[in-house]
Amino acid sequence: MVNRQRPIEYSEQDQAVLNRLDRKFRRSLLTYFGRRTSDRCDLEDMVQDVFERLIKRGSASELERQNLSAYVFETASSVLTDHLRKKITHRAGSHEPFDQNHHGGEDFSPEHVLINREQLERTSAMLLELPEQTRTIFLLRRVEGMKVKDVAARLGISVTSVERHMRVAVWHIMQRNDPAQ
Amino acid sequence: MTSSHMQPRNSPAQIEAAAWIMRVNDGPLTVADRAALEAWQAEAPANRAAFARAEATWHLFDDPRGVPALDALRVAAYALCGSAPHAKD
């Protein structure tokens, strides 16, 4: 789904910035994306995407003196969102069954990972039983790792309210995973 | 929130445990908080069990990779908080 051959001509200056970005951020971006998507084969493309977006905006070199790191990961977040969205619409459009063996990261299959995945799969279905806002808040806080106050700001609700939704979500999953209930 | 399983039933320990796991993960507990958590767990085996369950629930999401269903929910979540066009369904 991602175009692997991108014959983009960079100016000498851009190429130098690109090299510096690559040296400085490649590893942490791979980790960032690796933790957030199951597509091992797209990780490199996503990292590349981040660098290209930064270069295209022409602001990378000027930002190198400032808070470049924050800007890089903000860009990474939007690359990730685009990537996940594309994946969903692609799958919805083609009605292809999702091939876990192909997309799911062949190199990450010790037993505990499989068990965890199975549980997560079931738990994802449980999340669907929650009201949409509660589910969203849980995902942003727990899966995306946002801070409670950031979730509150993003959704325009109070911190107390976010905390309440979180308690409901956690409690719901606990209940549903409890064999005694 | 209309379904009956969303309402507190007979498991106050689980409700409290859910509240505790949030506090534990939202920032370092004060010494007093830590003592309160330990005291609460010592009060009843059900409390200790509930907290263990809350911890397991929390850590279930430590590594969210490789679960397409979860990826789909994440996209929907981003859509709802305004970072991306709504891509659900």
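Note that the structure is predicted; figures quoted are calculated from it, not measured. (Residues numbered from 1 in each chain as written. Chains lettered and ligands numbered in written order. Predicted model: local features only at pLDDT ≥ 70, side-chain atom pairs only at ≥ 80, totals over all residues. Heavy atoms only, no water.)

## Notes on the overall build of chain B
Threshold: The way it works is that DSSP assigns letters per residue, a run of H or I at least four long becomes a helix, a run of E at least two long becomes a strand, and they are numbered from the N terminus. Whether a residue is buried, partly exposed or exposed follows from its accessible area with a 1.4 Å probe, protein chains only, as a fraction of its type maximum: under 20%, in between, or over 50%, in that order. A contact between two residues is defined here by any heavy atoms of the two lying within 4.5 Å. The method behind every accessible area is Shrake-Rupley, applied with a 1.4 Å probe, and residues are considered shielded solely by the protein chains displayed.
Regarding its fold elements, chain B presents 4 helices and 0 strands. The order of helices and strands in chain B, counted from the N terminus, is α-α-α-α. Within chain B, the proportion of its 89 residues that are buried is 43%. Counting contacts in chain B only where the partners sit at least 6 residues apart, residues at least 24 apart contribute 40% of the total. As displayed, chain B offers around 4,400 Å² of accessible surface, 58% of which is attributable to carbon and sulfur atoms.

## Here we look at the overall build of chain A
Within chain A one finds 9 helices and 0 strands. Pairs at least 24 apart in sequence give 64% of the contacts found in chain A among residues at least 6 apart.

## Some thoughts on the side chain of Q14 of chain B
With respect to the helices and strands, Q14 of chain B occurs in helix α1 (residues 12–26). Contacts of Q14 of chain B, omitting those with residues within four sequence positions, involve W171, M174, Q175 and D178 of chain A together with A50 and R53 of chain B.

## Here we look at helix α3 (residues 45–59) of chain B
Residue and element names in this part refer to chain B. We count it as follows: An expected span of 1.5 Å times one less than the residue number is assigned to each helix. Arc, as used here, means the arc of the directions from the helix axis to the C-beta atoms.
Here α3 is 15 residues long and its end C-alpha atoms lie 21 Å apart, about the 21 Å a rise of 1.5 Å per residue gives. Buried within α3 we find N47, A50, F51, A54, T57 and W58. Axial view of α3: buried residues confined to an arc of 120 degrees, hence all on one face.

## A word on the nonpolar core
A general trend in soluble globular proteins is that nonpolar side chains are found buried together. Heads up, the condition is: To form a nonpolar core, buried Ala, Val, Leu, Ile, Met, Phe, Trp, Tyr and Cys residues must be joined to one another through side-chain atoms within 4.5 Å.
Membership of the largest hydrophobic core comes to 42 residues, with the highest contact counts inside it found for L127, F138 and V170 of chain A together with F61 and L70 of chain B. Secondary-structure elements contributing two or more residues to this core are α6 (111–127), α7 (132–143), α8 (148–155) and α9 (159–177) of chain A together with α1, α2 (31–43), α3 and α4 (68–80) of chain B. Considering each element in turn, this core owes the most residues, 8 residues, to α9 of chain A. The residues contacting F138 of chain A, other than those within four sequence positions of it, are L127, V143, M166, A169, V170 and I173 of chain A together with F61 of chain B. Judged by nonpolar contacts, the second largest core, of 22 residues, contains V47, L54, L68 and A76 of chain A.

## Considerations on the packing of aromatic side chains
All names here are of chain A. Quick reminder of the rule: Under the pairing criterion, centres of Phe, Tyr and Trp rings, with the six-membered ring standing for Trp, must be within 6.5 Å; the plane angle then separates stacked pairs below 30 degrees from edge-to-face pairs above 60, leaving the rest tilted.
One pass over the full model with this rule turns up 4 aromatic pairs over all chains. Ring geometry for F25 against F73: centres 6.4 Å apart, planes inclined by 75 degrees, an arrangement best described as edge-to-face. With F25 in helix α1 (residues 12–36) and F73 in helix α4 (residues 68–94), this residue pair connects regions lying 48 residues apart in the sequence. Relative accessible area serves as the criterion here: at 5%, F25 is assigned to the buried category. Between Y32 and F33 the ring centres are 5.3 Å apart and the planes differ by 80 degrees, which places this aromatic pair in the edge-to-face class.

## A few points about α4 of chain B
Over its 13 residues, α4 of chain B extends 19 Å from the first C-alpha to the last, a length consistent with the 18 Å expected when each residue adds 1.5 Å. Burial within α4 of chain B is extensive, with 10 of its 13 residues counted as buried.

## What about the confidence of the model for chain A?
Residues and elements named next belong to chain A. Worth spelling out the cut-off: Values of pLDDT, ranging from 0 to 100, describe the predictor's confidence in every residue of the model.
The pLDDT averaged across chain A works out to 77; a share of 71% of its residues lies at or above 70. Looking at the elements of chain A, mean pLDDT is at its lowest for helix α5 (residues 100–103), recorded as 39, and at its highest for α9, recorded as 94. A low-confidence stretch, residues 92–109 (pLDDT under 50), is modelled with 25 contacts involving residues beyond four sequence positions or located in other chains.

## Observations regarding the packing of α2 of chain B against α3 of chain B
Residues and elements named next belong to chain B. The condition that has to hold: To get an axis, a line is fitted to the C-alpha atoms, and for a helix only the part in contact is used. The angle between two axes follows their N-to-C directions and goes from 0 to 180 degrees. The scheme is simple: roughly parallel for angles under 35 degrees, roughly antiparallel for over 145, roughly perpendicular for 65 to 115, oblique for anything else. Residue polarity is assigned by list, with Asp, Glu, Lys and Arg as charged and Ala, Val, Leu, Ile, Met, Phe, Trp, Tyr, Cys and Pro as nonpolar; anything else, Gly included, falls into the polar class.
Taken N-terminus to C-terminus, the directions of α2 and α3 make an angle of 120 degrees; their axes are 4 Å apart at the nearest point. One way to sum up the angle between α2 and α3 is to call them oblique. For the pair α2 and α3, the contacting residues are L37, E38, W40, Q41, A42 and E43 in the first and N47, R48 and F51 in the second. Looking at the contact of α2 with α3 residue by residue, the class counts come to 4 nonpolar, 2 polar and 3 charged.

## With respect to the environment of D62 of chain B
Let me state the cut-off plainly: A 3.5 Å cut-off defines polar contacts: any pair of N or O atoms within that distance qualifies, except that in protein one atom must be a possible hydrogen donor and the other a possible acceptor, and neighbouring residues in sequence count only when both atoms are side-chain atoms.
Here D62 of chain B shows up in the loop between α3 and α4. The contacts of D62 of chain B, once residues within four sequence positions are left out, are R35 and R142 of chain A. Looking at D62 of chain B, its side chain comes within polar contact range of the side chain of R142 of chain A, at 2.4 Å. Within polar-contact distance, the side chain of D62 of chain B engages the side chain of H59 of chain B at 3.0 Å.

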